[in-house]
Amino acid sequence: MFPIIKFRCSNCSLRKYAFSFSSAVAALDSTPHQHQQQRIFVPGVSDQIDRFPGSLDPRLFVSDLKHCRNVSQIEQIHGRVAVFGMLQSLPVANKLLYMYARYKALDEAFAVFGAMGERDAVSWSVMVGGFAKAGDYDNCFRVFKVIVRLGLPLNSYTLPFVLRATRITSNLQMGRALHVLVCKSGLDSDRFVSAAIVDMYAKCGDAEDARKVFDGMPHRDLVSWTVMIDGYADCGAAHESMLLFDRMKEEGVVPDKVTLVTTAYACAKLGAMHKAEYVHGYVLERKFSLDVVLGTAIIDMYAKCGSVRSARQIFDTMEEKNVVTWSAMMSAYGIHGHGRKALELFPLMLQSGILPNRITFVSVLYACSHAGLVTEGKRWFNSMREDYSIQPDVKHYTCMVDLLGRAGRFGEALELMDTMAVEKDEGLWGALLGACRIHGNIALAEKAAECLLELQSSNPGYYVLLSNIYAKEGRWGDVARVRDLMTSRRLKKIPGWTWIEVNNRIYRFGVGDRIHPRSEDIYEKLRSLSVKLELGGYVPDTNFVLHDVDEEHKIEEREVIVRDANRFHHFKEGCCSCGDYW
DNA sequence: GTAGGGTTAG
């Protein structure tokens, strides 16, 4: 006899075999409870079914489908299912749909779906979910609209997929409409549905509505907390993420790895070192193993909070590293201006059997540009195409224009831009404009600015940059023109804020503000530093504010770590790690 | 017996 079902205990060596479905159920029931029972249906068993006339059971086909690992295997079982008339069984037909969708054979899934005489809620959900998971959001919406048009009851399995689709396509309007639908159908009390709504609002940039839904949830589970923490971080409110992390723990919800990854991500966005140590401390305290995702998140967190050394320590202790881990570490060196160290990692990555991807090369080229490694940057740019068959996208070109532009090699930068086959975006023109500002290349700045303004950018930073370039030349008419353009496009200059962490507290200040109770003392200290600087023979260059800091700390003999909008600067003994390549 | 959520690098 050929056993059709096996049982295995995952804790001990117990094995049992059954030769028919009914005896299998009996065997399972007689297994002592302390054993971890695992049912294993022998793959291919439905093929043997004619040898067991009494055991034609839909469950055998379901289990066979479950074991399929590719589309051709599914097609094979599909054939048998058809031969035995098992498509009449909804569980079998639904499982078939699900498996086709799972292995992205959406056409096949659709064909089965169309041929089914009877469809239940599961059939519809599987189609909606299948399209959503495959990234085919148009079809996902299409199927959902049919459900609504047919007046079928909405359920809590379908809606999260549709919400996910609106979230990824950033379709806030559709999201709001779905929210109304959810409330009408009374599904807003379902934790899957409501967490999906929170996620949808946050990922569409509406943190406020996300929080409202979150606060109104009757049952907040770990996932909903995680979604809200992540949502705040994505909306640029990482401070709220950290507050929420604490509140979650206060309410007795225990974070898992995913929550910690998300919190680390939020902390990276916040850039506060003591918070980074707090998150890492929690990971150590709760003895979470540093798997590849959590470890990588912590590397990035430490790097973005200012400690490339801690990032490297984590990197070195990680057993498993993937391409994201290596790219994160290279990026860490890049943002700290340690270009050579980033490049040193590349051959080590190859040695460990990991191949680079397009993002790895963004990290590599970024590292080159911020360390002024022109020759190396050009070499890697060629290598990515020739040795790894990765075609550069606009981000790679931006790094190259940045690299060449900072080095004042405008001819080469323009030549590269002329030959590029991908569409130029505002980031690329912005990089060129930034380089023009550094080298005072007004003619080229005008050209870059023209293209930039044509793209109707909503980033006020570019307008301000251009206006400053004109102002420096005394071209006040042009300054006014750019400012008018900003007004007509309803853009406002975002005020510059600086954060400083002193004794575990974060202080925020803007130009000339006097909010701090000891602001008199602070300004007095600044005045005395200015005097010291002047005595030291320093003449500040008002276009390049960071040079002030450079000299300042030579006077104070301290190591200063400063983060600007892009990267970190380590000032030590009068020099900056960026080598003035910022 | 068939369908479900949150996570890392630019």
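Residues numbered from 1 in each chain as written. Chains lettered and ligands numbered in written order. Predicted model: local features only at pLDDT ≥ 70, side-chain atom pairs only at ≥ 80, totals over all residues. Heavy atoms only, no water.

Focus on the UniProt feature "repeat: PPR" (unreviewed entry) in chain A
Link 1 in the chain: Using the residue numbers shown here, the UniProt feature "repeat: PPR" (unreviewed entry) corresponds to residues 120–154, 221–255, 291–321, 322–356 and 393–423.
Link 2 in the chain: The distance from the first to the last C-alpha atom of residues 322–356 is 10 Å, and the span holds 74% helix and 0% strand.
Link 3 in the chain: Along residues 393–423 the backbone is 74% helical and 0% strand, and the end-to-end C-alpha distance reaches 9 Å. (UniProt positions renumbered as here; feature names shortened; annotations may be inferred. Helix = DSSP H or I, 4+ residues; strand = E, 2+ residues; numbered from the N terminus.)

Here's the deal with the packing of aromatic side chains
Link 1 in the chain: The tally for this structure, following the rule as stated, stands at 13 aromatic pairs.
Link 2 in the chain: With centroids separated by 5.1 Å and ring planes inclined at 80°, the aromatic side chains of Phe 214 and Trp 225 adopt a geometry described as edge-to-face. One end of the pair, Phe 214, is in helix 11 (residues 207–215); the other, Trp 225, is in helix 12 (residues 222–234), and 11 residues separate them in sequence. Residue Phe 214 shares its accessibility class with Trp 225, and that shared class is buried.
Link 3 in the chain: With centroids separated by 5.5 Å and ring planes inclined at 70°, the aromatic side chains of Phe 381 and Tyr 397 adopt a geometry described as edge-to-face. Linking Phe 381 in helix 21 (residues 374–386) with Tyr 397 in helix 22 (residues 394–406), this pair joins segments that are 16 residues apart in sequence. For the pair formed by Phe 381 and Tyr 397, the shared burial category is buried.
Link 4 in the chain: In this structure an aromatic cluster arises from ring pairing among Phe 110, Phe 113, Trp 124 and Phe 131.
Link 5 in the chain: Here Arg 119 stacks its cationic end above the ring of Phe 113, 4.5 Å away from the centre of that ring. (Phe/Tyr/Trp six-rings, centres within 6.5 Å; stacked < 30°, edge-to-face > 60°. Buried < 20%, exposed > 50% of the residue type's maximum accessible area, 1.4 Å probe, protein only. Lys NZ or Arg CZ within 6 Å of the ring centre and 35° of its normal.)

Description of helix 18 (residues 323–335)
Link 1 in the chain: With 13 residues, helix 18 extends 18 Å from end C-alpha to end C-alpha; this agrees with the ideal 18 Å at 1.5 Å per step.
Link 2 in the chain: In terms of burial, helix 18 is a largely internal element, 10 of the 13 residues being buried.
Link 3 in the chain: Turning to helix 18, the residues buried within the fold contact helix 16 (292–304), helix 17 (308–317), helix 19 (339–351), helix 20 (358–369) and strand 7 (568–572).
Link 4 in the chain: Gly 337, located one to two residues past helix 18, shows a positive phi value of around 80°. (Expected span 1.5 Å × (residues − 1). Contact = heavy atoms within 4.5 Å.)

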